[in-house]
Amino acid sequence: MLVFVLTACSGSCSEDALSGGMNLNGQNRDILSLVTWNVQTFFDGEKDGTEYSDFQKSGNWNREKYSARLERLCNVISALNADLFVLEEIENEGILQDVSNYLSGTSWKATNLYSYSCFAKPAGTGIGIGILSKYELTDFTSHSLDIRTHKVENPSMRYLIQVTIDIDGRELVLFANHWKSMSGSKEDTEVWRDWQESLLADRLIGLKSVGILPAVACGDFNRDIGRFVKEKQTAGDILLRCSGFGKRESISVLSPWYSANGALSTEIGSYCFQEKWERIDHVFASGEVEILSFAPAAFSPWATDGKIPIPYKISTGEGYSDHLPLLCKIRLK
């Protein structure tokens, strides 16, 4: 007997009481700048048993080390100054609060305050996905998968976060992703990323069927853009496939990793493995969304002169992340 189980768990978004949800006066409210960034095992300074083993065993990991790393993260956020940050590999929502409090202490301008946040991770796991936003976040839902159709047990997989962004009365649906890692074997773990692709595609198809678009999906997909199905060779459209839940459908989304002629749009990727660039972090646009600009943010001090990300090393307490942030600007049509 084949069993397909899809669960959707309701969640909540929080508003920073300091700012009171101030309006972003003077900005073009049809344009949104966003950053998606895997910040690499960003644990707080308290050990509660769910941290990765190198953090649990390290005598160097403490509140002081965390504070120093938090300051560096906030410096990057200030430098990029996007309206929305989607951060993968955050331990808990307390880190988002620390970021918001730190940044609110450096500026009293409403346009610089991240008044809203969301966070979710499966119980008992070490890291989840956090969202910081200058715009109001509503209708937060976290989707999980429980697959019982394979001979091997369903591994722990992070939630797909769905949230609506209120841009001065106009709504944009955001999907924040962190797909199964390639740890162990790319081929053996691909089946679980296929399931996560099916989940995302199913949600996008469902929104489209009732006319609720535009939408953006972003995050660390642990799958290079070249491994997605390309709809046309001379464009940036790819297909997200839903091949589970008794369905076989697909939906076309736009990837800014490709230019209009179908060639790669950037010389560098978001992650460098064995001196080879990989484009495993993504921003996908669906519906009435125009991508105005897109690039890996390969700037000093979080990247080398050769634009390679500088990973965090717990042994020295130095570095940032082994991924580059992706900076994208979109317009609602």
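Just above sits the structure.
S.K.: Looking at this structure, I do not really get the overall build of the protein. What am I missing?
M.R.: Looking only at helices and strands, one finds four helices and 18 strands in the protein. Per-residue burial for the protein yields a buried fraction of 54% across its 333 residues. In the protein, once contacts between residues fewer than 6 apart in sequence are set aside, the share between residues at least 24 apart is 70%. Approximately 14,700 Å² of the protein is accessible, and the part contributed by carbon and sulfur atoms is 47%.

S.K.: What's the story with the state of the cysteines in this structure? I'm lost.
M.R.: Disulfides are covalent bonds that link the sulfur atoms of two cysteine residues. A full pass over the atoms with the stated rule returns zero disulfides. Just so you know, Cys-218 is unpaired, no disulfide at all, and the nearest cysteine sulfur is the one on Cys-328, 8.8 Å from it.

S.K.: Just to check I follow, could you spell out the environment of Arg-241 for this structure?
M.R.: Structurally, the position occupied by Arg-241 is in strand β12 (residues 237-242). In contact with Arg-241, other than residues within four places in its own chain, are Asp-194, Glu-197, Ser-198, Ala-201, Arg-223, Val-229, Glu-249 and Ser-250.

S.K.: Hey, could you run me through the pairing of strand β9 (residues 170-178) in this one?
M.R.: Within a regular beta strand, the side chains point alternately toward one face of the sheet and then the other, so they alternate between its two faces. With seven of nine residues buried, β9 is to be regarded as a mostly interior element. As paired elements, strand β8 (residues 160-167) and β9 share seven bridges and run antiparallel to each other. Residue pairing across strands places Ile-167 opposite Arg-170, the latter belonging to β9. If you look at the hairpin formed by β8 and β9, you'll find two residues sitting between the two strands, and Asp-168 has a positive phi there, around 55°. In the sheet, β9 pairs with strand β10 (residues 215-220) via six bridges, with the strands oriented parallel. Bridging across to β10, Asn-177 finds its partner in Gly-219.

S.K.: Explanation requested: the side chain of Asn-222 in the structure shown.
M.R.: For Asn-222, the location among the structural elements is in the loop between β10 and β11 (229-230). Classification of Asn-222 by relative accessible area gives buried; the value is 9%. A distance of 2.9 Å separates a polar atom in the side chain of Asn-222 from the backbone oxygen of Trp-179. Among all residues touching Asn-222, those that are not within four sequence positions of it are His-178, Trp-179, Lys-180, Ser-181, Met-182, Arg-193 and Ile-280.

The rules we used
In this numbering scheme, every chain counts its residues from 1 along its sequence in written order. A pLDDT threshold of at least 70 governs which residues receive local features in this predicted model, and a stricter bar of 80 or more applies before side-chain atom pairs are shown or counted, although totals over entire chains, interfaces and linings include all residues. To obtain the side-chain values, all non-hydrogen atoms of the structure were used and water was disregarded. Helix and strand definitions here come from DSSP, where helices need a minimum of 4 consecutive H or I residues and strands a minimum of 2 consecutive E residues; each element is numbered from the N-terminal end. Three exposure classes are used, based on accessible area relative to the maximum for each residue type with a 1.4 Å probe and protein chains only: buried under 20%, partly exposed in between, and exposed over 50%. Any two residues whose heavy atoms approach within 4.5 Å are treated as being in contact. We get accessible surface area from the Shrake-Rupley algorithm with a probe of 1.4 Å; when it comes to residues, only the shown protein chains can shield them. When the sulfur atoms of two cysteines come within 2.5 Å, that pair is taken as a disulfide. Note: two strands are recorded as paired if DSSP finds a minimum of 2 bridges between them. What qualifies as a polar contact is a pair of N or O atoms within 3.5 Å, subject to a donor-acceptor requirement within protein and to the restriction that residues adjacent in sequence count only when both atoms come from side chains.

By themselves, these figures tell us nothing about what the structure is for.
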